[in-house]
Amino acid sequence: MRGRVFDVSHGTTKDGPGIRTTVFLKGCPLHCLWCHNPESQRREAEMLFFPDKCTACLRCVSLCPNGVQTFAEGRHIFRRPSCSLCGKCLSAGCGALKIAGKMRDVEEVLDEVLKDKPFYDRTGGGMTLSGGEPLFQKDFCLALLKAGKEAGLHTAVETAGAVKKEALAEILPYTDLFLYDYKETDPERHRLYTGWDNRTILENLCFLDGEGKPLILRCPIVPGYNDRPDHFAGIARTANRLKSLIRVEIEPYHALGEGKYAALGRERDDFRLPTGEYDPARWCREIGSQTDAEVTLA
Amino acid sequence: MKTVENVKTVPAGAITADGSRDFTSTFARAFTRAFARAFALADRLKAAHLSSFAEDRKAHAEALERVYEKFTEERAEGDLLALRCRYLECFAEQFPVVIKEGETVVGTCYHYAGLRRPLPFPLSNMGHFIANFETVLREGIAGLKKKALALPCDGGSVEANRAAFLRVLNAFSTYIRRYAEEAGRLSLTAEGEDLARLRGIRDDCSFIAENPPQTFRQALQLVWFTQIFLETEAKASAVSFGRIDRYLLPYYERDIAAGRLDEEEAFFRILCFCIKTCEGDESQMITLGGQDEEGNNGENPLTIFFLLAGAHLNMRQPSFGVRVRPDSGKDFLDAAAAMTAVGAGMPAYFNDTVLVKSLKLCGVADADAENYGIVGCYEASPQGAFSNTVAGAFNLYDSFSYFLAENLDAKFADFDAFLEAYKRSFESYYRHTLMPAFSNKLAKIMALRSPFLGCCLDGCLESGKLPEQLGSRYTLFGLNILGIGILVDSLYTVKKLVFERKETTVEELFTAAAQNFTDQALFEKIKGLDGTYGSHTEETDALAEELSAFIGKTVKENKLRDGVLVTPGLFWFTADIHQKNYPATLNGRRQGELLSYGVNPCATPHTNTPTLALLSTARIRGELFPTGCPAMLSLPPRDLKAGPFVQALVTTYFDCGGFHLAISGVDPETLEAAMREPDAHRDVMVKISGLSTQFVSLSKAMQESLLRRARDGV
Ligand code: SF4
Ligand code: SF4
């Protein structure tokens, strides 16, 4: 069983209990305006080219068999459509070129994850599947989780919930914890910001809660978009309804992903960089004051 | 990964928004509340110290010049030993005695840096030892003198040493007595609290100028005076304190039981003591934790006091090392984590089990091994031994270059045969090239004379011999070995590309490296290798294990001299990994790029995340290297402040057999430096949205954004 993985990150501490390894699966049905991992959105592999890291050494020009890497008037031109993603130019090792998304075997990924076993044993950590939306590659996701459970790992899945309930039901027995995204309370805005309405998402959340699965609610807060009192109240209301909730985690927007849109050769969606008040501690307090649930900064 | 020495501190004040989960700061804050007065007083002393530091240094330098003048004026003559005694006498009589406002631990130390004139006679020892403070405190100056007096007047060297011991002990006494007098003088015009303070100093100093200390204050004060004299005699760094929380404990307990002392006062004195050490030289290591005399966990209130004092002050001295045991207590680990959270790379964590074993394997008696202290940065040593932990040094890769050059056209059936041949070559290189150099170095050390140190080590006052005459119970010759990471990866390159894939030959690799890898195709092949050391891959892990075992064995098999224990360690000073002119190495490291530090993997993009790197370095056979197997980690501030995370890294690493771990923070300045000089900072790792990434590989925009985050905390 193979799936497309765009990163495996060891020693993470934000994605569930203990010290963990997070596997990032490529592809996502949503496209949130503020996405800071745009390379995770498409299912296919993609080339990232960072012009500001290019020192014009021309190595890639000679390495590419397809004439994709070219120079005109001293400017590096990357002809994206002709790129076959063969990866040959990567051996230039320059840092300006990166391919996101590699087909990998379940066993291979699991071996990589298991390298850190002593740390999981000590800390109650394990493996977290993230994305993209991991369930976008449901079979691969399922196979990885099964293999992880067989190897005795604690497993967590970070999902945006925009998937079929059946898919969730299928991975349920092999998942110890869900990190569930809650992005926007107002359905209209939800559609506007993410491309999806939030009905299925909320239904799925109720479903997981009903199954008694431990949940962490993760709320990206983007100033100027969803830092509104009604959304904060919505988060608190949802938290109050959930029986299996461990806590609410606030993920303040950061601009670290902005450069990647250009690197992927994409136009940025109509997204103004937040200019409003940036006060994560206040957001936490405001939400926290309306619920008994623990509210923390991720 | 980043080394501690060049990482500046992360501001300690920033506390995450959800204070409730930030457990290290909660711990530290509870402490701060309880001892608010002590902290406030110490903060004032610290501020005063910092503001007058430059001026003091200048004044001290001038004062020392006068000591020299006096010394030279007298045209002091005689052998080195007599000169050394006379010099300490001049120092004791001449060096100004200063008691500053609010000081409770007194005594001015000056560490020679910036002196315009060299000493008028050869330097003394090279520092890097731990006095036996337990004995010094128990005996007091009188007791030490009594021992010296008991030495026979044989008309020979013992008699000369006897006289020297007595001269320096008398000088020491004179120096302390001058403090008693000065405090007495100042007290004549003092009032209230100040009067009490000065009278205390006067009484304590006049008592310990002769007698063994009876109270905690006196003991602490005598430790500091002893340190001043050791540093004055040594003119070298890393004069270390050893297990201060153990040897001060009886005094503390007695005072507390008698109601002479309360916890806050003890803590305050410790803060004062720590501030005082900032007048001294580099790497005055304090060792905390570890076992008591019965072999049980010996952590105690003083252990915690020292850790929290150090965490709070966050000053350049002293250094702190903690002995972590499988049964280390929560308070101890929490206090250590509170210090780690400050971001200065302190404390250094040591795996007690491995260090004790390493000393035993070197021939140190069980009880002394178990009672070890840390010298300087990483070096395990019995206390009261003539440790010389930085006596010899070499770069491992030199031996490999030598081997390659000799074997360019040799044919090897497979990698095993190649490795075997390298090992034989190393043995001969070690014996014929390195050993003579070490012998020379030892002879140089042995030509020096350190009578005061002799009074503070085990065995010299008993044997009548100086440390340099093998008078101490233990004489060590520390060997610092650089570059295991580079060697493992270079061998791995040969294994993969020459013997397995057969894509090149040893000669081609050698030539390519000699040309600094202008051969791009070959360079890319090397750089493209997966599974290099630090990725926690069995092949390289096993190679690292095998090589370290082999090196340890070779060192052990080659005796330097009877009575001298050669104690190897896998590191050299940080500066030495920045050797600009060190030629390119087979692992694809170009000239000018960093060499690998300690047991750390090479600083290449192939280095994986901290956890994997640690699991690789844990395979190094630390028990063969008492002088240290340092592993350096740098973490983003958020992880650094997460006590449980830090503790998990440490304890898991030690479960797996790691020797030492230093954890420091990534600070804005480092990131800025990395943006300016990416090549020198390939080892700086940062986390973005949970992904660990090499900082220099990020786009400019991202780097800037991260820099902002490091600066502003968001
Ligand atoms: S190899 Fe990298 S640095 Fe060189 S021209 Fe291509 S993109 Fe630019
Ligand atoms: S991935 Fe292959 S086709 Fe695409 S630019 Fe690089 S070398 Fe050319």
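Residues numbered from 1 in each chain as written. Chains lettered and ligands numbered in written order. Predicted model: local features only at pLDDT ≥ 70, side-chain atom pairs only at ≥ 80, totals over all residues. Heavy atoms only, no water.

**Looking at the overall build of chain A**
Counting secondary structure elements, chain A contains 10 helices and 13 strands. Against the 2.2 N^0.38 benchmark of 19 Å for 298 residues, chain A shows a C-alpha radius of gyration of 20 Å, consistent with a compact globule. Each principal axis of the C-alpha distribution contributes one length, and for chain A these read about 60 × 45 × 35 Å. Looking at the 298 residues of chain A, the share that counts as buried comes to 55%. Nonlocal contacts in chain A, meaning residues at least 24 apart in sequence, comprise 71% of its contacts between residues at least 6 apart. When the accessible surface of chain A is totalled, it reaches about 12,300 Å², and 50% of it is carbon and sulfur. If the 41 positive side-chain charges of chain A are averaged to one point and the 42 negative ones to another, these points end up 4 Å apart. (Helix = DSSP H or I, 4+ residues; strand = E, 2+ residues; numbered from the N terminus. Rg over C-alpha atoms; globule rule 2.2 N^0.38 Å. Buried < 20%, exposed > 50% of the residue type's maximum accessible area, 1.4 Å probe, protein only. Contact = heavy atoms within 4.5 Å. Areas by Shrake-Rupley, 256 points an atom, 1.4 Å probe, with all protein chains shown as cover. Lys, Arg positive; Asp, Glu negative; His and termini not counted. Charge placed at Lys NZ, Arg CZ, Asp CG, Glu CD.)

**Digging into the site of ligand 1**
Within the structure, ligand 1 sits among 14 residues, and A:Cys54, A:Cys57, A:Leu58, A:Cys60 and A:Cys94 are positioned closest to it. Partitioned by chemical class, the residues of the shell around ligand 1 number 11 nonpolar, 2 polar and 1 charged. (Near = heavy atom within 4 Å. Nonpolar A, V, L, I, M, F, W, Y, C, P; charged D, E, K, R; others polar.)

**Considerations on the site of ligand 2**
Around ligand 2, the structure places 14 residues, and the nearest of them are A:Cys64, A:Cys83, A:Cys86, A:Gly87 and A:Cys89. Looking at the shell around ligand 2 residue by residue, the class counts come to 9 nonpolar, 4 polar and 1 charged.

**Describing the packing of aromatic side chains**
Overall, the coordinates contain 55 aromatic pairs over all chains when judged by the stated rule. Judged by centre distance (5.9 Å) and plane angle (85°), the ring pair of B:Tyr175 and B:Phe225 falls under edge-to-face. Linking B:Tyr175 in helix H5 (residues 157–187) with B:Phe225 in helix H7 (residues 216–234), this pair joins segments that are 50 residues apart in sequence. You can call B:Tyr175 buried: its relative accessible area is 0%. Positioned over the ring face of A:Phe136 is A:Arg43, at 4.3 Å from the centre of the ring. Just above the ring of B:Phe523 sits the side chain of B:Arg590; from NZ or CZ to the centre is 3.8 Å. (Phe/Tyr/Trp six-rings, centres within 6.5 Å; stacked < 30°, edge-to-face > 60°. Lys NZ or Arg CZ within 6 Å of the ring centre and 35° of its normal.)

**What to know about helix H10 (residues 263–277) of chain B**
With 15 residues, H10(B) should cover 21 Å at 1.5 Å per step; its first-to-last C-alpha distance of 21 Å lies within 8% of that length. Of all 15 residues in H10(B), 13 are buried, a share of seventy percent or more. (Expected span 1.5 Å × (residues − 1).)

**Let's talk about the interface of chain B and chain A**
At the junction of the two partners, chain B supplies 40 residues and chain A supplies 38 residues. Here chain B packs against chain A, burying approximately 3,300 Å² in sum over the two surfaces, 58% of which is carbon and sulfur. In this assembly, chain B and chain A are joined by 1 salt bridge. Note that A:Arg122 and B:Asp655 form a salt bridge whose closest N and O atoms lie 2.8 Å from each other. At the junction of chain B and chain A, the tally comes to 5 residue pairs in polar contact (both at pLDDT 80 or more). Where the side of chain B that touches chain A is concerned, the elements lending two or more residues are helix H21 (520–527), helix H23 (610–617), helix H24 (637–640), helix H25 (643–655), strand E13 (685–688), strand E14 (691–694) and helix H27 (700–712) of chain B. Looking at the side of chain B that touches chain A element by element, the count peaks at 7 residues for H27(B). Taken together, the residues that form the side of chain B that touches chain A break down as 16 nonpolar, 15 polar and 9 charged. (Buried area = accessible area lost by both parts, 1.4 Å probe. Salt bridge = Lys/Arg side-chain N within 4 Å of Asp/Glu carboxyl O. Polar contact = N/O pair within 3.5 Å; in protein donor to acceptor, adjacent residues only side chain to side chain.)

**A look at the packing of helix H3 (residues 80–94) of chain B against H5(B)**
For any two helices packed against each other, one specifies the inter-axial angle together with the distance between the axes. Residue and element names in this part refer to chain B. Running from N to C, H3 and H5 point in directions that differ by 10°, and their axes come no closer than 8 Å. Looking at the two axes, H3 sits roughly parallel to H5. Residues Leu81, Ala82, Cys85, Arg86, Leu88, Glu89, Phe91, Ala92, Glu93 and Gln94 of H3 pack against Ala160, Asn161, Ala164, Arg167, Val168, Ala171, Thr174, Tyr175 and Arg178 of H5. (Axes fitted to C-alpha atoms, helices over the stretch in contact; angles between N-to-C directions. Parallel < 35°, antiparallel > 145°, perpendicular 65-115°, else oblique.)

**As for the side chain of B:Thr277**
All names here are of chain B. When you line up the elements, Thr277 lands in helix H10. Accessibility expressed as a relative area gives 0% for Thr277, which makes it buried. There is a polar contact of 2.5 Å between the side chain of Thr277 and the backbone oxygen of Cys274.

**Looking at the sheet that holds strand E9 (residues 475–482) of chain B**
Through backbone hydrogen bonds, the strands of a sheet pair up, either in parallel or in antiparallel fashion. Residue and element names in this part refer to chain B. The sheet built from 3 strands is open, its strands ordered E8-E9-E10 with parallel pairing. With partners counted over all chains shown, the strands left at the sheet margins are strand E8 (392–395) and strand E10 (564–569), one partner each. Here the average twist between neighbouring strands, direction ignored, is 20°. Two strands pair when backbone bridges link them, and E8 and E9 are joined in this way by 4 bridges, in the parallel orientation. Within the sheet, the bridge partner assigned to Ala393 lies in E9 and is Asn480. (Pairing = 2+ DSSP bridges.)

**Overview of the confidence of the model for chain B**
Residue and element names in this part refer to chain B. Residues at a pLDDT of 70 or more form 90% of chain B, whose mean pLDDT is 88. Taken as a whole, residues 1–24 scores under 50 in pLDDT and shows 80 contacts with residues more than four places along the chain or in a different chain. Residue range residues 604–608 is modelled with pLDDT below 50. Its contacts to residues more than four positions away, or to other chains, number 13 contacts. (pLDDT = per-residue confidence, 0-100.)

**Topic: the side chain of A:Thr238**
All names here are of chain A. Within the fold, Thr238 resides in helix H8 (residues 229–241). Reaching out from Thr238, the side chain makes a polar contact with the backbone oxygen of Gly234 at a distance of 2.7 Å. If near-sequence neighbours (up to four positions away) are discounted, Thr238 is found in contact with Tyr182, Leu205 and Leu217.

**Things to note about the domain arrangement of chain B**
Residues and elements named next belong to chain B. Per the domain assignment, the segments of chain B are domain 1 (4–381) and domain 2 (392–596). Once you take the C-alpha centre of each, domain 1 and domain 2 turn out to be 35 Å apart. Facing the 43 residues of domain 1 at the interface are 34 residues of domain 2. Regarding the contact of domain 1 and domain 2, the summed buried area is about 2,900 Å², with carbon and sulfur atoms giving 68% of it. Across the domain 1-domain 2 interface, the total number found is 2 salt bridges. The shortest N-O distance in the salt bridge between Glu462 and Lys147 comes to 2.7 Å. The interface formed by domain 1 and domain 2 includes 12 residue pairs in polar contact (both at pLDDT 80 or more). Breaking the side of domain 1 that touches domain 2 down by element, the ones donating at least two residues are H3, strand E1 (129–130), helix H4 (133–149), H5, H7, helix H13 (352–362) and strand E7 (379–381). For the side of domain 1 that touches domain 2, the element with the most residues is H5, which contributes 7 residues. Among the residues making up the side of domain 1 that touches domain 2, the classes are represented as 27 nonpolar, 10 polar and 6 charged. (Domains from an automatic or database assignment.)

**What to know about the nonpolar core**
If you look at soluble globular proteins, the nonpolar side chains tend to sit buried side by side. Within the largest apolar cluster, 226 residues are counted, with the highest numbers of intra-cluster contacts made by B:Leu248 and B:Phe418. Both domains that meet at this core, namely domain 1 (4–381) and domain 2 (392–596) of chain B, each give it at least three residues. In contact with B:Phe418, other than residues within four places in its own chain, are B:Phe400, B:Phe403, B:Leu404, B:Phe412, B:Leu491, B:Val494, B:Phe499 and B:Val506. In terms of nonpolar packing, the next biggest core, distinct from the first, is built from 61 residues, A:Leu110, A:Met127, A:Val163 and A:Leu217 among them. (Core = buried A, V, L, I, M, F, W, Y, C linked by side-chain atoms within 4.5 Å.)

**Some details on the state of the cysteines**
Under the defined criterion, the tally for this structure stands at 0 disulfides over all chains. Free of any disulfide, B:Cys460 has its nearest neighbouring cysteine sulfur in B:Cys455, separated by 8.4 Å. (Disulfide = S-S within 2.5 Å.)

**With respect to the environment of A:Ala263**
Residues and elements named next belong to chain A. Turning to its location among the elements, Ala263 is positioned in helix H9 (residues 258–263). Sequence separation of Ala263 and Ala96 is 167 residues, and the distance between their C-alpha atoms is 9.1 Å. Not counting residues within four places of it along the chain, the set of residues in contact with Ala263 comprises Met47, Leu48, Phe49, Phe50 and Arg80.

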